[in-house]
Structure formats: structure tokens, C-alpha cells
Amino acid sequence: MPDNSSPPPAALRGLDDAEVRARQAADGFNELPRPDRRTPFRIVLEVLREPMLALLIGGGVVYLALGDLKEALILLCFASLSVVITVVQETRTERVLEALRDLTSPRALVIRGGQRQRIAGRELVRGDLIVLSEGDRVPADAVLLQGQDIQTDESLLTGESGPVRKWPRDDPHAGHSRRPGGDDLPLVFSGSLVVRGAAIAEVLAIGAHSEIGKIGQSLAALKTEAPRLQAQTRRLVAVFGIVGGAVSLLAVVLYGTLRGGWLDAVLAGITIGMSMLPEEFPVVLTVFMAMGAWRISQARVLTRRAAAIETLGSATVLCTDKTGTLTRNQMSIVELRLPDGETLRPEAPAALPAAFAGLLQAGVLAAAPDPFDPMDVAFHELGKTALPASFTQRQAGRKPLQAYGLRPDLLAMSQGWAGEDGAYVVAAKGAPEAVADLCRHDDAQRAALARQVDAMAKAGLRVLGVARASFAGSEWPASQRDFDFQFLGLVGLADPLREAVPAAVKDCRSAGIRVVMITGDYPATATAIAQAAGLDAADCVSGEELAQMDDAVLAARARRVNVFARIMPEQKLRIVNALKADGEIVAMTGDGVNDAPSLKAAHIGIAMGGRGTDVAREAAAIVLLDDDFASIVRAVRLGRRIYDNLRKAMGFIFAVHVPIAGLALFPLLHGYPILLGPIHIAFLEMIIDPVCSLVFEAETEERDVMQRPPRDPEQPLFSAALIGWGLVQGVLALALVIGVFAIGQARAMPETEIRALTFFALVLSIVGLILLNRSFSSSLWAALRRPSPTLIAVLALVVSVLSLSLAWPAARDLFKFGPLHPDDLALTLGAAVVGLLALEAIKPLWRERIQASARASQ
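Described below are features of the structure shown in this document. What you see is a predicted model; the values in this text were computed from it and never measured. (Residues numbered from 1 in each chain as written. Predicted model: local features only at pLDDT ≥ 70, side-chain atom pairs only at ≥ 80, totals over all residues. Heavy atoms only, no water.)

### Considering the pattern of salt bridges
- The full count for this structure, using the stated rule, is 18 salt bridges.
- With a shortest N-O distance of 3.0 Å, arginine 337 and glutamate 335 are connected by a salt bridge. Accessibility classification places arginine 337 together with glutamate 335 in one group, the buried group.
- Note that arginine 446 and aspartate 437 form a salt bridge whose closest N and O atoms lie 3.6 Å from each other.
- Look at arginine 446 and you get partly exposed, because its relative accessible area is 31%.
- Owing to a relative accessible area of 28%, aspartate 437 belongs among the partly exposed residues under this scheme. (Salt bridge = Lys/Arg side-chain N within 4 Å of Asp/Glu carboxyl O. Buried < 20%, exposed > 50% of the residue type's maximum accessible area, 1.4 Å probe, protein only.)

And the structure:
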């Protein structure tokens, strides 16, 4: 629609409607191409091909074939739950390019046919003339034709925290680097923000051809890391499946040959197969990942991909952006320096000495009254707390009477205000050398000023000079050079480090994680921030240096360099890939669009949730909801705890399979009636085992969780020592349960009572194994003293289920149980306690072997 603002200059008429239609037909709309989107149905088909899920569904089908509807429904419910969780998770990741498309299509004010019109950003074409004003989001890559005092915030693309100056050129189409970052270029880029000035620009690139569009294309081409634990679990399930299938087939042949009842033989074979096939492994893995994501969310960390939880404990390198990650992404004044070299680091709300107050007051007067520029905002923020209330109250709502903007030949700006004594006050700020020029410094003064500026710049500060003048004339001069300025001093600004960062970096180091800073900012600033954060910043690689390196040279430098500065988005991706190729497990943090490809390529992508863009959040596996770098350390701690507890749970399940499979085989080998049928096995493996495994998920961390090096991601869930320990536990539990069975036989108890007696002894032995395996490093007594509401709930559930199976006729008939007496129950409890105490006595021997195998894998 037409805009009511004044018409553009006659020479700038823009495109006509015919040209717009022709270019839209040739180039398309100003948006990213829609990806080959994975629909929920397509994701469901992919999930159904997973071997673990096929095992769950296959078990349900077997039960249906046997006519056991209840047991089939139990397995199929778990399978359905797994499908739903996976589909929801995968569907969310498909929103990343949608978020990028929204960011690249703001509204745009264009000149077409000599008239200004407000259109949707997606309707822009190459050659369109766009009108940019302070506060506008740039809708496409463009070259400036007209403009004055223009600055843009390109931090989403470059990671550089401060705004960059833009100048129109006499020949705007002359060869210029079409890359974001750097001052005094005539180019503006899609997605950046105009923080000062106004301009008219000609669109050069739209959609996928813009710089932000190129990031989107590289993002679409990246593949996320496959969950390693899932792959290990698949292999484990395959091994169990082969062994279980072979034993089941052997059992069918033996039973049919020795006893002659082939139908019973098939039933016995199915029972043995069910006892040996680890149907609960995928269930427990799913539960741990879901509960782990919830638990990490309590630390203000959102987990978007389950694979990140398992990988957190393996991270060896943490690549972090500077702006908004290590720093607050908020410029602030950190140093005031007088002409004689005296310095002050302001600490609000403390009042300033008179000379420093005059310096800051002039800086506030030179800043825009309603600022977008981060440095102007910093002057006003400090002024509110450090200057007298009379000054801030007088300035509220006032506008300057005269303003002089930045010029290519004078990088300073001045503003004139009405003074209290009838004269005018003129305040100037800008590049120190420009302000020195306004103050007519001689060579000696300039040299002394240059030394002060260099010292501040080496500390990573952005340095501005500030001056003040009085004016009593009736006509404002044409140039700010015509005032008699007095130099007041220098102001050092910085994007300050987050308070918790040094401690978080120290924790990372103690956990064996190397922190690498990758930023678009200048080397001096990057090095100063890195040193303040506690990083080894002895060596710094710039983007220009990196561009000259091949992959082999980059991999060699990346092994020892912790600071990379002036880095472009694709170079971040190269650094991440170089570290990955060198065997590192890479976590990458970031908040801008420029971080999205490297976030997705890293083993663990960590986005900032508060200041981060939708693109970064959707590309990442983990989102820090409070933007606190220290949350990364908490997430790593929780990730290691989750993996430790998952290993305990898997070891527990392995140990439990030994007595379950043994009780399925024992009657067959010795001619006794079958004790456990498919319903008992399904109940134990799909209800008791997973529920009991929740106890391990809720266990607190081991004492040394953050003092050990990162674990090898290829470290198997089951080391030889852990398998051996599981066999010892399982064999002892089986021996005690068979002993209980033998006592029942000696008492000539009926078959149903023996089955109940044996089943109760087995379940109580399982509870004993839970208590035993709660900690690798603590004793049973220490574990019992450690409160665990989950353990109490599980024990109550086990007691309730066992009581129900005896007291409720329908459940008793389903399980084919007979009544048990108090002395029978005491026998089962005594057997479980004896087994627990015996295993606790030998646990220290196996603890050393298990810990040694874990260290060896690292």
C-alpha cells in the first residue's frame, strides 16, 4: 500500500510492476526454499523400521498368536509409547528452516514506480529500492545508494557485539566484499538491524542467495549425529536375540525328544526365548532418556534430542561463541580515563568524582536521547546510576537543538543543548583520533593519546573520545569542527563477561573438557575476554589465517588453539568438523543465526534460549533456558550421572536375566513341571524390571563424577568386568531361588504353591539386587542411609503387587499361584537377605575391576 511519507528523489524511481513480476518469475520469492519436509507419517515409518521397536511389536504379535491378549497389549502399549515419543521429538526438529524463513521475511518499505509502498518482505526482488530507518530489520542483502550516519547490528551473522558503520559509495556497485562484518562498507545484510541513521539501498540478493540464506542451505545439508547408545543397544539386543534363539531352539528339541510333548515343547521354547531376549532394554533406555530430559530441564536446560543426553558425559571440547554466551551481549562502560591518564572503573550506584562525572555527563549529552546504538545505551544506563539525579531528571524528555552526525572524514558526532546560563553546550564523542582532531591536539598530545588508546584496546575495550564545548552564537555552524572543544578523556566500553563464566570454565577443565572460544569479534577483544574467562589465550587464530589453511593444517592448529577471532559462519563449521575429525567429542554453544550450522554439526549443539534466535534453538540439541554458561556444567554433570545410572540399570537387568532364564531352563533339564510361563516372564521383564530401573534413574551422582576425564563414547554399556559381576550376582540369586524351590519340593508342597514360593523368592532377590547396585563407589550401608523416595515407592509397589497376586482371585488364577503361609514368606525373604549380604561382601573386589575397565576405556 502507498506510504504517506515524502516522495523519493526523482532519480530513485525503483522498479515498475512489469519488472517486479518478471524478476519474481525468474528468481522466486524472498524466502528460503521449502525443504523436503518429513511428515509425521513418514517419521512413523522410519521409527517402525527400528530393530528395538520391531522386537517389542514382534513380542506382542507372538502373544496374540498364542491367544494371550493381555500380555500382547502390554507389549504393544510400550511400543506405541515409543513411537509417539520419537515422532513428537523428530517433528520438532523439522521446524528449524521454518523459523529461518520467518526471520528472513520482515515487512519492507520499497520505492516502486516513484512511490513508497509497504510490502511483505517475501515480495522483494533483486533491484528493488528499500528505505531503511533506525530500528528496521533489513529484509534482503542490499547496497547503499544514499544515507547518513548509518550503523547496523550484524551480531546474528558475525557474532560481533558492537554495531558496524555503513557508508554509501560513489560507485555502489564497485567490487566490495559481500560478507558481513567490518566498518565503512556500503553493504547491508538480511536479518541485521539498523541501530542508527536512515538510508535507501538497492537489493542485491534475496532468499537462498542472501548471506542468511546460504546459512540456511548449509543447515539443511547437515545430518545430526545418530545416538551411540541406541546403536550399542541394537548390537546388544542382536547378540541376546541370537543366543536366546539358539537356546530356545535347543530347548524345543530337547523337550520334544525327552518328553514327547511337542506342543509343550514349543511353549517351553517360547518361554525360554522370552526370558533371554531383553525386551525391556529399549523400554529402560527410553525411560532414562525421557526422565533425563526432564531432570536436566529442572536445571533450566531444555533437551531437544535424546542423543545429547548420552553424549554430554563424553564431551571433550566445548566450542563457545563469545557474544551472548560468555558475555552478556550488552555493552557497558567499564573504564573512564582522564587526559592525565588517571583511570576509574565505575561501580554503580557509587557517585563519581567531579572530573569523571563531567566526562560521563558529556558522553550522555553526545549520545542519542532515545538510543538504539548499544554504546549510546551504555552511556545512558551508567548515567542513570552514577550521575546526579538533577542532571538525569533535567535530561528526561529533552531533545538536542542541533546534531552533527558521523562523516567518512570525521568519525565523531556532536549534539548541542541549551545550557543553564543561556549559552549552548555542545558534547562530542567518537573515535579518539577524530575527537583529538576536533580539539586541535598537537603531535605530542596525539602521541600520548595513542598510547592510552592502545593500552585500553589491548584490554579488549572499545574506546571512544569525549569532548565538550560552549557556544553562544545565534546561528549553528555548518560543521562541528567550528567549535572550540576541550578534550575530557576516554571511555572504554566492553561486552562484559558473565559472572559465572570463570567458575564454569574451571569446572570444565577439572572434568577434562577443553573450552574453545570462536567469535566474530576482533582478536584483541577476543583474547582479553578469553583471559578473563580463564582460557589459555596464548595463541589466537583469525579468520583470515584460517582461510589460508587446508583441513590438515587446521586440524593441527585446532589441537592447541583455544581462541579463534573474526570467524565467519562456514569457518565455525570447519573448526567443528576439524575437531570431530581429530576424534574429539564436540559441544558447541551459540545464540545467533550464524551459529546454527555448527550447532547442528556438533555432537552436542547448545543454544541460548533467552537471547538466542529461533534458528539456533531449533538447530541445537540442548537449549539453555536462562542463557547461563554455568548451566552447561550442570548439564554435563547430569549427563554423566544419567549415563552412570543407565549403566547400573542395564547391569541390573543383565544380572536379573540369569535367574529368570535359569528358572525357565531348570525344570526342563531336571524333569520338573514348568514353573514360569510367558505371563510370568512378561510380568517380570516388562513391569518389574523397568519400574525397578526407575530407582537407578533417580540415584544421585557418584562422588567423582566431575573429577574423571570424559568417557569414551565407544565405551560399551557392558564391559567384561561388568558382565562378570552381573553373572556372579545372577548365579548366586539363581542358586538361592533354586534352593527355595528345593525346600518347597522337600515339603511336598503343591505345584501352585511351589510356583508362588519360587516366584516370590525371585522377586525379592531382584529387590536385593537393586539395593546392591545403587552405587559403584558406596557401600550398602551408605546407600541405605541415602534417601530415595523412588526406592520407597518401588518397594511399596512390589509389596502391593505380590500381595495382590495372592489375595485377588483373578490375579492368583492368572499367575497359577497357590496360597503361601507366613513361614513360606519368611523363607523367601531370608534367601534374598542372605544373597544380598553375600554379594555385598565380595562387591569391593568387583568394584575395583569395574572402575579399572571404565578408566581403561577412557
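### Details of the sheet that holds strand E12 (residues 402-404)
- Pairing within the open sheet is antiparallel, and its 7 strands lie in the order E11-E10-E16-E15-E14-E13-E12. With one partner strand each, in any of the chains shown, strand E11 (343-344) and E12 form the two edges of the open sheet.
- Note that strand E10 (residues 332-337) and E11 share 2 bridges and pair antiparallel. Its bridge partner being in E11, leucine 336 is matched across the sheet by leucine 344.
- Lying on the sheet, helix H14 (residues 374-386) is in contact with E10, strand E14 (424-430), strand E15 (462-471) and strand E16 (486-494); it crosses E10 at an angle near 75°.
- Across the face of the sheet, helix H17 (residues 443-458) comes into contact with E10, E15 and E16 while running at roughly 15° to E16. (Pairing = 2+ DSSP bridges. Helix = DSSP H or I, 4+ residues; strand = E, 2+ residues; numbered from the N terminus. Contact = heavy atoms within 4.5 Å. Axes fitted to C-alpha atoms, helices over the stretch in contact; angles between N-to-C directions.)

### Brief notes about the packing of helix H27 (residues 720-746) against helix H28 (residues 751-772)
- It is the contact of H27 with H28, at a shortest axis distance of 9 Å, that shows an interaxial angle of 155°. On the basis of their axis angle, the class for H27 and H28 is roughly antiparallel. For the pair H27 and H28, the crossing hand works out as right-handed. Within the contact between the two elements, H27 uses Trp725, Gln729, Ala733, Val737, Val740, Phe741, Gly744 and Gln745 and H28 uses Ile754, Leu757, Thr758, Ala761, Leu762, Ser765, Leu769 and Leu772.
- Of the residues that constitute the contact of H27 with H28, the class distribution is 11 nonpolar, 5 polar and no charged. (Parallel < 35°, antiparallel > 145°, perpendicular 65-115°, else oblique. Left-handed = near helix turned anticlockwise from the far one by under 90°. Nonpolar A, V, L, I, M, F, W, Y, C, P; charged D, E, K, R; others polar.)

### Some details on the sheet that holds strand E9 (residues 317-320)
- Taken together, 8 strands build an open sheet; the order of strands is E8-E22-E21-E20-E9-E17-E19-E18 and the sheet is mixed. Taken across any chain shown, the strands that pair with only one partner, and hence form the sheet edges, are strand E8 (301-303) and strand E18 (540-542). In this sheet, neighbouring strand axes are inclined to one another by 20° on average, regardless of whether the strands run parallel or antiparallel.
- Pairing analysis gives 3 bridges linking E18 to strand E19 (residues 563-565), with the strands arranged parallel. Bridged to serine 542 within E19 is alanine 565.
- Each of strand E17 (514-518), E18 and E19 touches helix H19 (residues 523-533); the most contacted strand, E19, lies at about 155° to it.

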